[in-house]
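As a plain string of letters, each chain reads:
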Amino acid sequence: MKSWYLLYCKPRGEVRAQQNLALQQVESYLPIIQEEKTSHGKTKLVDIPLFPCYLFIYFDPLEVSVSRIHSTRGASRIIGCSETMTPIDERIIQAIKNRVSVHKPVVETDLVAGDKVQFTDGPFVDLEAIFEEKNAQKRCFVLFNIMGQQKRMCVDSSAIKKV
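Residues numbered from 1 in each chain as written. Predicted model: local features only at pLDDT ≥ 70, side-chain atom pairs only at ≥ 80, totals over all residues. Heavy atoms only, no water.

Asker: For this particular structure, what's the right way to read the environment of Leu 30?
Answerer: Following the sequence through the fold, Leu 30 ends up in the loop between strand S2 (27-29) and strand S3 (32-39). Take Leu 30: its relative accessible area is 9%, and that puts it in the buried class. Distance from Leu 30 to Pro 49, taken between C-alpha atoms, is 6.8 Å for residues 19 residues apart in sequence. With residues up to four places along the chain from it excluded, the contact list for Leu 30 reads Glu 14, Val 15, Gln 18, Pro 49, Tyr 54 and Leu 55. (Helix = DSSP H or I, 4+ residues; strand = E, 2+ residues; numbered from the N terminus. Buried < 20%, exposed > 50% of the residue type's maximum accessible area, 1.4 Å probe, protein only. Contact = heavy atoms within 4.5 Å.)

Okay, here's the thing in structure tokens:
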């Protein structure tokens, strides 16, 4: 009887395994979500697997040889494959599909130099500053008035919000 199983894939080999399994008429499901990534100072949305190195496959072990799946390019091994294989409940797969379909990536609104921001975390919570520029690794520079002087500070981007 056909059931869902979890296939461990080689690193970054999920898509390759999925394509090669499709050629063998084995149904598979690779949950993909979008995430914001910053590279070379530019932020963009990229598709990434929800479970890196894992792929859900739907097949009948009596019809399709397990060794054939293990030898598929990009695949490594079926999880829980020993004497008896452990199928995954259909409701779990459906719940994952539902969550992936409603997932919306958190996209930060781009701040521009001169925007007023407010601290949401840390020792300066609820105080205001002026956004100056983005820095690498989710950090940014703000201008902060302290004791009558304007100081430049590097803070975590998640610790401020636009006013």
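Asker: Where do I start with the nonpolar core in this structure?
Answerer: Note that soluble globular proteins tend to have their nonpolar side chains buried in a common cluster. Core analysis: the biggest nonpolar cluster contains 15 residues, and Leu 7, Leu 21, Leu 55, Ile 57, Phe 59, Ile 69 and Ile 78 have the highest contact counts within it. At the level of secondary structure, the elements contributing two or more residues to this core comprise strand S1 (3-9), helix H1 (14-23), strand S5 (54-59), helix H2 (66-70) and strand S6 (75-78). Not counting chain neighbours up to four residues away, the residues in contact with Ile 78 comprise Tyr 5, Leu 6, Leu 7, Ile 57, Phe 59, Val 66, Ile 69, His 70 and Met 85. Grouped together as the second largest cluster of nonpolar side chains are 11 residues, Leu 111, Val 117, Ala 129 and Ile 160 included. (Core = buried A, V, L, I, M, F, W, Y, C linked by side-chain atoms within 4.5 Å.)

Asker: Can you help me understand unusual backbone geometry in this one?
Answerer: A negative phi angle is the norm for most residues apart from glycine, just as the trans form is the norm for most peptide bonds. The phi dihedral of Gln 25 falls on the positive side, at around 60°, and the residue is not glycine. The phi angle at Cys 53 is positive, at roughly 75°, despite the residue not being glycine. The topology assignment puts Cys 53 in the loop between strand S4 (42-49) and S5.

Asker: Sorry if this is basic, but what is going on with the sheet that holds strand S7 (residues 116-119) here?
Answerer: Neighbouring strands of a sheet are bound in pairs by backbone hydrogen bonds; such pairs are parallel or else antiparallel. Within the open sheet, the five strands sit side by side as S10-S9-S8-S7-S11. Their pairing is antiparallel. Looking at the sheet topology across the chains shown, the edges are occupied by strand S10 (149-156) and strand S11 (160-162). Geometrically, the sheet is characterised by an average inter-axis angle of 45° between neighbouring strands, direction not taken into account. (Pairing = 2+ DSSP bridges. Axes fitted to C-alpha atoms, helices over the stretch in contact; angles between N-to-C directions.)

Asker: Honestly, the packing of aromatic side chains in this entry has me stumped. Any pointers?
Answerer: What characterises a pair of aromatic rings is the spacing of the ring centres plus the angle enclosed by the ring planes. Taken as a whole, this structure holds eight aromatic pairs when the rule is applied. Measuring from ring centre to ring centre gives 5.5 Å for Phe 119 and Phe 144, while their planes differ by 90°; the resulting arrangement is edge-to-face. Here Phe 119, found in strand S7, pairs with Phe 144, found in strand S9 (residues 139-146); they are 25 residues apart in sequence, far enough to count as distant. Its relative accessible area of 3% is what places Phe 119 among the buried residues. (Phe/Tyr/Trp six-rings, centres within 6.5 Å; stacked < 30°, edge-to-face > 60°.)

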